Structures are given as structure tokens and as C-alpha cells.
Amino acid sequence: MKIIEPKVELINPPAYSDLLSLIELAGRTCYKSESKITGDSAEKFVKNILKRGHEAVIEHGSVSVRFTCDRGVSHEIVRHRLASYCQESTRYCNYGKENFGSEITVIKPCSLDKDGTAYRHWFWACSQAEEAYFNMLDFGCTPQEARSVLPNSTKTEVVMTANMREWRHFLRLRTAPAAHPDMREVAKMLLVEMQARYPAFFEDFEV
């Protein structure tokens, strides 16, 4: 059994300047003010519309993100309806195959101390689930049948594509103190990446 940490990765991220330019061009259609577009007007335009709460305009720009997380977190991610998803399938992925290392991979819960009793119980439970999974495969079960014993901690990958307005909504909810700790950990990773790449869209966020 392999234990890994969660991570996020932007897939083919659009250039910041391209994203700004597209949104400015779309937004200025409302006012027929395209003549005001200059080489450096886009960022100021986007900041102004966000300040006024006119967030519908930023729906014209989108970003795709790959989340590597546990399946419990993935269930929370896909609740965001204004997005497109592709997710690693436990129906068709056979973790007994060599390309998966003939083992299951699990995500370590961020709240568990590796030296603590709770962690040992978690590790034992995941190990038992792995053993049961492979026993079921050996007995002739299909991956979609054997997956019934896999824990929420099983690693999965989710690619989510959403527009910038939905990313703001996603990060506002999922970085909040009330969010699940493992969900919040992943969301905070993404927020750091988004703020670095697309500052105008997320500079008002504080965690």
C-alpha cells in the first residue's frame, strides 16, 4: 500500500494576459467601449468589474485543474455543478495490475499525526481493505465488484474545468474554516497557485 500527500496541478493553464484580454473584450461589449482597449487596460478593467460585483463577465475565462485527493474529498469537489469533470474510475482501474504497482494508493488525512494512535488505526483499516480488495480479485470478482471494500482514503484524480467565477465561488467555500480539513488543505494549495498565476481574480481572498 502506498501512502501519498494530496496535490493540485493546473493543466495547460492559459496565460494571464490572454485570460484578461478575452474577458475585457467580452465585457466591453456590454458598453460598446472596445475602443478603450489598450496594451495594459485589461487588468484594470477586470479589477473594476470585480469591485462592482459584476462577476458574470469573468465566466468567459476558464481554467482546468487536476486534483490528486482521496475519494471523500472528490465527492465534495464534484458537487460544484457549474464545471466539467473527468475522474479516475474504480470500476475500470484494476489496482492489481502492474501499472498501478499492484497496490492501492491512499491519501494520508492531514489531521492525523503519524506517531499517533488514530493514525495506526487508519493505517490498519486501509491495509485490511487492500487485502480484502485483492482477495476479491483473486476470487474472480471484477474491479467494479471489488471496489466496494475500498476506503474513502483511496487516492483518486479529478480533472475539473470551470470558469473564473465558479473558481472564485469554489475557493471561497472550500478554504473557509468550516470546510472539511482535507478539502480545505487541497483548496488552499489551489488558491496559492491561482493567486500566483491570476492575481487580479483572487487578490481579495484571504485564508
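About the thresholds
Here the residue numbers are simple positions, counted from 1 along each chain's written sequence. Local features in this predicted model are restricted to residues of pLDDT 70 or higher, and side-chain atom pairs are both shown and tallied only at a pLDDT of 80 or more, whereas totals for entire chains, interfaces and linings draw on every residue. Heavy atoms throughout the structure, all of them, feed into the side-chain values; hydrogens and water do not. Helix and strand definitions here come from DSSP, where helices need a minimum of 4 consecutive H or I residues and strands a minimum of 2 consecutive E residues; each element is numbered from the N-terminal end. Values of the radius of gyration come from C-alpha atoms, whereas the globule rule sets the reference at 2.2 Å times the count of residues to the power 0.38. Relative accessibility under 20% of the residue-type maximum defines a buried residue, over 50% an exposed one, and the middle range a partly exposed one, all with a 1.4 Å probe and only protein chains included. Contacts: residue pairs with any heavy atoms within 4.5 Å of one another. In these tables, accessible area is a Shrake-Rupley quantity obtained with a 1.4 Å probe, and a residue counts as shielded only by the protein chains included in the view. Neither His nor the chain ends is counted toward charge; the positive residues are Lys and Arg and the negative residues Asp and Glu. Taken as the charge centre is NZ of Lys, CZ of Arg, CG of Asp or CD of Glu, depending on the residue. DSSP bridges decide pairing: two strands pair if at least two such bridges lie between them. Fitted lines through C-alpha atoms serve as axes, helices being fitted only where they are in contact, and the angles separating the N-to-C directions of these axes extend from 0 to 180 degrees. Any pair of Phe, Tyr and Trp rings, taking the six-membered ring for Trp, is counted once the centres come within 6.5 Å. Such a pair is stacked with planes under 30 degrees apart, edge-to-face with planes over 60 apart, and tilted for the rest. A 3.5 Å cut-off defines polar contacts: any pair of N or O atoms within that distance qualifies, except that in protein one atom must be a possible hydrogen donor and the other a possible acceptor, and neighbouring residues in sequence count only when both atoms are side-chain atoms. Helix crossings get a hand from a simple test, with the near helix turned counterclockwise from the far one by less than a right angle marking a left-handed crossing and a clockwise turn marking a right-handed one. Under the scheme applied here, ten amino acids are nonpolar (Ala, Val, Leu, Ile, Met, Phe, Trp, Tyr, Cys and Pro), four are charged (Asp, Glu, Lys and Arg), and all others, including Gly, are polar. How far a helix is expected to stretch is found by multiplying one less than its residue total by 1.5 Å. The term salt bridge refers to a side-chain nitrogen of Lys or Arg lying within 4 Å of a carboxyl oxygen of Asp or Glu.

Under an unreviewed UniProt entry, the name given to the protein is FAD-dependent thymidylate synthase, and the organism recorded is Flavonifractor plautii.

J.: An account of the overall build of the protein is needed here, citing residue identities and associated values.
T.: Scanning the protein from N- to C-terminus turns up eight helices and six strands. Secondary structure elements of the protein occur, N-terminal to C-terminal, as β-β-α-α-β-α-β-β-α-α-β-α-α-α. Its C-alpha atoms give the protein a radius of gyration of 21 Å, more than 25% over the compact-globule value 17 Å for 207 residues. When its C-alpha atoms are laid out on the principal axes, the protein stretches across 70 × 35 × 25 Å. When the 207 residues of the protein are sorted by exposure, 43% land in the buried category. Contacts in the protein between residues at least 24 apart in sequence constitute 73% of all its contacts with a sequence separation of at least 6. In the structure as shown, the protein presents an accessible area of about 11,300 Å², 50% of it carried by carbon and sulfur atoms. Averaging the coordinates of the 27 positive side-chain charges in the protein and doing the same for the 28 negative ones gives two points 6 Å apart.

J.: I'd love a proper account of the sheet that holds strand 4 (residues 83–87), names of residues and values included.
T.: Within the open sheet, the four strands sit side by side as 2-3-6-4. Their pairing is antiparallel. Only two strands of the sheet have a single partner each, and these edge strands are strand 2 (7–11) and strand 4. Averaged over all neighbouring strand pairs, the angle between strand axes comes to 20°, with direction disregarded. Taken together, the nine bridges between strand 3 (residues 62–70) and strand 6 (residues 155–163) define a ladder with antiparallel strand orientation. The partner of Ser64 across the bridge, within strand 6, is Thr161.

J.: Outline the packing of aromatic side chains, supporting the account with residue identities and numerical values.
T.: One pass over the full model with this rule turns up 10 aromatic pairs. Judged by centre distance (4.9 Å) and plane angle (80°), the rings of Tyr95 and Phe100 are edge-to-face. We classify Tyr95 as buried; its relative accessible area is 5%. According to the relative accessible area criterion, Phe100 is partly exposed, its value standing at 26%. Judged by centre distance (6.5 Å) and plane angle (50°), the rings of Phe201 and Phe202 are tilted. You'll find Phe201 and Phe202 in the same group, each marked buried. Through a chain of ring-to-ring contacts, the aromatic side chains of Tyr95, Phe100, Tyr133 and Phe134 assemble into a single cluster.

J.: I'd like a description of the environment of Arg52, backed by residues and values.
T.: For Arg52, the location among the structural elements is in the loop between helix 2 (42–51) and strand 3. Side chain to side chain, Arg52 and Tyr31 meet in a polar contact 3.3 Å long.

J.: Can you explain the packing of helix 1 (residues 16–28) against helix 2? Please cite residues and give values.
T.: Relative orientation of the contacting elements helix 1 and helix 2 amounts to 60°, with a least axis distance of 8 Å. Of the two elements, helix 1 crosses helix 2, and the hand of that crossing is left-handed. On the side of helix 1, the interface is formed by Tyr16, Leu20, Ser21, Ile23, Glu24, Gly27 and Arg28, while helix 2 contributes Ala42, Glu43, Phe45, Val46 and Ile49. Each residue belonging to the contact of helix 1 with helix 2 can be placed in one class, and the counts come to seven nonpolar, two polar and three charged.

J.: Explain helix 1 to me, using residue names and the numbers behind them.
T.: Taking 1.5 Å of rise per residue, the 13 residues of helix 1 would be expected to cover 18 Å, and the 18 Å separating its terminal C-alpha atoms lies within 8% of that figure. For helix 1, the full list of buried residues reads Leu19, Leu20, Ile23, Glu24, Ala26, Gly27 and Arg28. For helix 1, the elements touching its buried residues are helix 2, strand 3, helix 6 (164–174) and helix 8 (199–202).

J.: Give a description of the pattern of salt bridges that names residues and reports values.
T.: All told, the structure shown has 12 salt bridges when counted by the stated rule. Note that Asp204 and Arg168 form a salt bridge whose closest N and O atoms lie 2.9 Å from each other. Here Asp204, found in the segment after helix 8, pairs with Arg168, found in helix 6; they are 36 residues apart in sequence, far enough to count as distant. The class of Asp204 is partly exposed, set by a relative accessible area of 49%.

J.: Summarise the side chain of Asn94; cite the residues concerned and give the values.
T.: Relative to the helices and strands, Asn94 is located in the loop between strand 4 and strand 5 (105–107). A distance of 2.8 Å separates a polar side-chain atom of Asn94 from the backbone nitrogen of Gly96. Setting aside chain neighbours within four positions, we find Asn94 in contact with Phe100, Tyr133, Leu137 and Pro143.

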